[in-house]
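Listed below, chain by chain, are the residues.
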Amino acid sequence: IKRMKGIAVSRPFIYGNSAQPLHGKKAANPEHTHRWTLSVRGINNEDISYFIRKVTFKLHDTYDNPTRVIEKPPFEVTETGWGEFDLIIKIHFNPVSGEKPLTLYHHLKLHPYEEDELGSPGLKQKPVTSYSYDEVVFNEPIDTFYAILQEN
Ligand code: SLL
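Presented here is a report on the structure given in the accompanying data block. The residue numbering used here restarts from 1 in each chain and proceeds along that chain's sequence as written. Two thresholds apply to this predicted model, a pLDDT of at least 70 for residue-level local features and 80 or more for giving and counting side-chain atom pairs, whereas whole-chain, interface and lining totals are computed over all residues. Calculated side-chain values reflect all of the structure's heavy atoms, with hydrogen atoms and water omitted.

1. Observations regarding the site of the ligand
Here's step 1: By nearness alone, every residue bordering the ligand is listed as H32, H60, T62, Y63, G81, W82, G83, E84 and F85.
Here's step 2: We define a polar contact as two N or O atoms separated by no more than 3.5 Å, with the added condition that, inside protein, one atom must be a possible hydrogen donor and the other a possible acceptor, whereas residues neighbouring each other in sequence contribute only through side-chain atom pairs. Measuring from an oxygen atom of the ligand, one finds a side-chain N or O atom of Y63 at 3.4 Å.
Here's step 3: G83 places a main-chain nitrogen or oxygen 3.1 Å from an oxygen atom of the ligand.
Here's step 4: The Shrake-Rupley method, run with a 1.4 Å probe sphere, supplies the accessible areas, and residue values consider only the shown protein chains as cover. When the ligand is considered free in solution it has 460 Å² of accessible area, and contact with the protein chains removes 68% of it.
Here's step 5: Cavity means a closed set of points on a 1 Å grid over the protein atoms alone, one where a 1.4 Å probe fits but cannot get out, pocket means an open set with protein on both sides within 12 Å along at least 5 of 7 lines, and lining means a residue has an atom within 4 Å of a point. Cavities and pockets are treated as containing a molecule whenever more than half of the molecule's atoms lie within 2 Å of their grid points. Here the ligand is seated within the largest pocket.
Here's step 6: Side-chain classes are defined by residue name, with Ala, Val, Leu, Ile, Met, Phe, Trp, Tyr, Cys and Pro counting as nonpolar, Asp, Glu, Lys and Arg as charged, and the others, Gly among them, as polar. Looking at the shell around the ligand, its residues break down into three nonpolar, five polar and one charged. The rule for a residue being near a molecule or strand is that one of its heavy atoms must lie within 4 Å of it.

2. A few points about the side chain of R68
Here's step 1: Tracing the backbone shows R68 in strand β4 (residues 67-70).
Here's step 2: Taking relative accessible area as the criterion, R68 reaches 17% and is therefore assigned buried.
Here's step 3: Among the polar contacts made by the side chain of R68, one reaches the main-chain carbonyl oxygen of N65 at a distance of 2.6 Å. Only DSSP runs of H or I reaching four residues or more are called helices, and only runs of E reaching two or more are called strands; each is numbered from the N terminus. Under the scheme applied here, a residue whose accessible area is under 20% of the maximum for its type counts as buried, over 50% as exposed, and between as partly exposed, the area being computed with a 1.4 Å probe on protein chains only.

3. Quick word on the layout of surface pockets
Here's step 1: Taken as a whole, the largest pocket encloses approximately 210 Å³ of empty space.
Here's step 2: Surrounding the largest pocket, H32, H60, T62, Y63, D64, R68, E79, G81, W82, G83, E84 and F85 form its lining.
Here's step 3: Of the residues belonging to the lining of the largest pocket, the class tally is three nonpolar, five polar and four charged. Grid points are joined across faces, edges and corners, and a volume is the space filled by probe spheres set on the points.

4. Details of unusual backbone geometry
Here's step 1: With omega at -5°, the peptide bond leading from P73 into P74 counts as cis.
Here's step 2: Within the fold, P74 resides in the loop between β4 and β5 (75-81).
Here's step 3: The backbone of H23 shows a phi angle near 50°, a positive value even though the residue is not glycine.
Here's step 4: Inspection of the secondary structure puts H23 in the loop between β1 (8-21) and β2 (34-41).
Here's step 5: Positive phi is not limited to glycine here, since N65 has a value of about 45°.
Here's step 6: Relative to the elements of secondary structure, N65 occurs in the loop between β3 (52-58) and β4.

5. A word on the sheet that holds β1
Here's step 1: Pairing is antiparallel across the open sheet formed by four strands, whose spatial order is β5-β2-β1-β8. Looking at which strands have only one partner, the edges of the open sheet turn out to be β5 and β8 (128-139). The mean angle between the axes of side-by-side strands here comes to 10°, regardless of whether they run parallel or antiparallel.
Here's step 2: Both β2 and β5 contribute to a ladder of seven bridges, which runs antiparallel. One requirement defines pairing of two strands: DSSP has to find at least two bridges between them. Comment: axis = line fitted to C-alpha atoms, over the contacting stretch for helices; angle = value between 0 and 180 degrees taken between N-to-C directions.

6. Some remarks on the environment of K72
Here's step 1: The residue K72 is located in the loop between β4 and β5 in this model.
Here's step 2: Measuring from C-alpha to C-alpha, the distance between K72 and I52 comes to 8.8 Å, with 20 residues separating the pair along the chain.

7. Topic: the packing of aromatic side chains
Here's step 1: Any two rings among Phe, Tyr and Trp, with Trp reduced to its six-membered ring, count as a pair given centres within 6.5 Å; such a pair is stacked if its planes are under 30 degrees apart, edge-to-face if over 60, and tilted if neither. In this structure the tally under the stated criterion is eight aromatic pairs.
Here's step 2: Judged by centre distance (6.1 Å) and plane angle (80°), the ring pair of F51 and F138 falls under edge-to-face. With F51 in the loop between β2 and β3 and F138 in strand β8, the pair connects residues that are 87 residues apart, well separated along the chain. Summarising the burial analysis for this pair, F51 and F138 share the class buried.
Here's step 3: Ring plane angle 85° and centroid distance 5.3 Å describe the contact between F93 and F138, whose orientation is recorded as edge-to-face. Linking F93 in strand β6 (residues 85-93) with F138 in strand β8, this pair joins segments that are 45 residues apart in sequence. Of the two residues, F93 and F138, both sit in the buried class.
Here's step 4: Following the ring pairs from residue to residue traces out a cluster consisting of Y50, F51, F93, F138 and F145.
Here's step 5: Sitting above the plane of the Y131 ring, R41 keeps its charged end 4.7 Å from the centroid. In our convention, an over-ring charge means Lys NZ or Arg CZ found within 6 Å of a ring centre and within 35 degrees of that ring's normal.

Structure, rendered in structure tokens:
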């Protein structure tokens, strides 16, 4: 294998979750209060599948089959639930890259925490989002992977 000496290529992406209150609407489990979606995606929904091969989301153990493996875009998991929790997101890169998986941590957010207009902090029922921006840096990428990065 040949590596591109002295070259680093970075690619931005976004990860995190959105959540909406169910407002009493029926979920599979009556204790569930929110519907949420976890995702790993490109900026402006740019296709990231040329460098990301699959994403695993390790959910809280209260979920059935807590390790969710998403093999193609959109790299997303939608579920319902009642609680916030910390989870692990593992990004597996295109095998051509020879890169090790990248592990990220995210706190699944369901509730808005900011104070309301009257100044009292409360759990309001409204949609929330919690996203982080990150960039993966491929240092001295393998030449064949570098070509794929340049084409996209
Ligand atoms: C904790 N924050 O860390 C708590 C756990 C678990 C949330 C929150 C769904 C469970 C199900 C759900 O909302 N789990 O579907 O049974 O201990």
